[in-house]
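The primary structure of each chain is shown beneath.
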Amino acid sequence: MTESKEGSYRVVEDSFGAIEVPLDSYYGTQTERSRRNFNICLPQDKIPLSVVYALAMLKEIAAGINCAKSRISSDEATAIIGACREVYSGKLDDHFPLSIWQTGSGTQTNMNVNEVVATRATELLCGSRTGQPRIHPNDHVNCGQSSNDIFPTAMNLSVSLETAWKTIPALESLVDAINAKASQFHDVVKIGRTHLQDAVPMTFGQELGSFGARLSNTIGLIRQGVKSICNLAVGGTAVGTGLNSTKGFDLEMCDGVTKLVEGMLKQFGNDGWGILNHRVPKNASFSVPSDFWRSGCWDKPWKSEMKSSTLRLIVVRSSLLPCWDPCDPACRWLEELHDIALDRYH
């Protein structure tokens, strides 16, 4: 691969030919070709940064393992690890321009991360992006991996972390808010309804309390359901056989994920959540046919509980008192919950 600089871009040449890449970008030819070929997306169609961060975490772990197995040097591993940490700390977000519209298995996003990490690692190692010895996106950063195993692993990891850091805390805050309203309206009497008609009296606080209890139960079910996405495909490489990977690579990657995630969850105050109580299994993709990872059957419990929590939010609409006007500011919090639930469900 050769490079030459012209104006605000650099010309990079590989086996497919020459292509202009923005001069200040850390990514290379494969990312740029994907960006051009699939330039059909809206801003919200970009690959979630949480997936990019998860890929960087996995490549950090892989670099340490590959160094221990003498597949890359200690200097190369140190540079790759440093670059990966910059990626998942959000320092290089502008260098991940790709959308969800791309070829199968997430290859372009995997290569986007490989190219950015390789270029930044070379810069850390040599003081220049074009310095020598150069970190290679495939030979060094992607060593022992394939898009077919590393991308679905990153998806599972990102969902696990997003659930821990965002979904569960948000639901817990919602339960607290509903319970507070239940206390506030504990003596407001209304008519309960059943079979689509008025029934017997109850308090509005009792009704809200039941919603809070159901959501609390949902949080527990999500914690259990998320265990299903802690099964990782890493180590299977292209077709699930582990080709071009070393013996035990899958087990060591799972150990590395567990240790890294444990530290992160403790740092963010989520000690004891989900993945900590359920050790990432060591069987990786070797214990099941690789088709299972593509069919999504392993994450059905998590999907089911997330859908269930959304459906339970929809019932908030039925808790509006007859005297409440839709524009009443005091009641808007209930209407917003209902709107959010409908948007997420549909």
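Residues numbered from 1 in each chain as written. Predicted model: local features only at pLDDT ≥ 70, side-chain atom pairs only at ≥ 80, totals over all residues. Heavy atoms only, no water.

Looking at an unreviewed UniProt entry, the protein carries the name fumarate hydratase, with the source organism given as Opisthorchis felineus.

Caption draft 1: Geometry of unusual backbone geometry. Positive phi values are uncommon outside glycine, yet Thr 237 reaches one of about 50 degrees. Its location among the elements puts Thr 237 in the loop between α7 (204-225) and α8 (249-267). Residue class for Thr 237 comes out buried when judged on its relative accessible area of 4%. The backbone of Asn 244 sits at a positive phi, close to 70 degrees, despite the residue not being glycine. (Helix = DSSP H or I, 4+ residues; strand = E, 2+ residues; numbered from the N terminus. Buried < 20%, exposed > 50% of the residue type's maximum accessible area, 1.4 Å probe, protein only.)

Caption draft 2: Seen up close, the packing of aromatic side chains. If you walk through the whole model with that rule in mind, you get one aromatic pair. For the pair Phe 185 and Phe 204, a centre-to-centre distance of 5.4 Å together with 50 degrees between the ring planes defines the contact as tilted. Taken as a pair, Phe 185 in the loop between α6 (147-184) and β4 (189-194) and Phe 204 in helix α7 lie far apart in primary sequence, 19 residues in all. Lying across the ring of Tyr 26, Arg 129 places its NZ or CZ 4.0 Å from the centre. (Phe/Tyr/Trp six-rings, centres within 6.5 Å; stacked < 30°, edge-to-face > 60°. Lys NZ or Arg CZ within 6 Å of the ring centre and 35° of its normal.)

Caption draft 3: Structural context of the packing of helix α2 (residues 49-68) against helix α4 (residues 107-126). At a minimum axis separation of 10 Å, α2 and α4 run at an interaxial angle of 60 degrees. The orientation of α2 with respect to α4, classified from their angle, is oblique. The handedness of the crossing between α2 and α4 is right-handed. Residues Val 52, Leu 55, Ala 56 and Lys 59 of α2 form the contact with α4, whose own contacting residues are Thr 109, Asn 110, Val 113 and Asn 114. (Axes fitted to C-alpha atoms, helices over the stretch in contact; angles between N-to-C directions. Parallel < 35°, antiparallel > 145°, perpendicular 65-115°, else oblique. Left-handed = near helix turned anticlockwise from the far one by under 90°. Contact = heavy atoms within 4.5 Å.)

Caption draft 4: Representation of helix α1 (residues 29-37) in the model. If you check which residues of α1 are buried, you get Thr 29, Thr 31, Glu 32, Arg 33 and Ser 34. Structurally, α1 contributes buried residues whose contacts are with β2 (9-14), β3 (17-22) and α4.

Caption draft 5: Region of interest: the pairing of β4. Pairing geometry for β4 and strand β5 (residues 197-203), over five bridges, is antiparallel. The residue of β5 that forms the bridge with Thr 194 is Gln 197. The turn joining β4 and β5, which pair antiparallel and follow one another in sequence, is formed by two residues; a positive phi near 55 degrees is taken by His 195. (Pairing = 2+ DSSP bridges.)

Caption draft 6: Looking closely at the side chain of Asp 45. Inspection of the secondary structure puts Asp 45 in the loop between α1 and α2. Buried charge without a partner: Asp 45 forms no salt bridge, and the closest opposite charge is Lys 46, 12 Å away. In this structure the side chain of Asp 45 is engaged in a polar contact, spanning 3.3 Å, whose partner is the side chain of Trp 101. Leaving out residues up to four positions away in the same chain, Asp 45 has contacts with Ser 99, Ile 100 and Trp 101. (Lys, Arg positive; Asp, Glu negative; His and termini not counted. Salt bridge = Lys/Arg side-chain N within 4 Å of Asp/Glu carboxyl O. Polar contact = N/O pair within 3.5 Å; in protein donor to acceptor, adjacent residues only side chain to side chain.)

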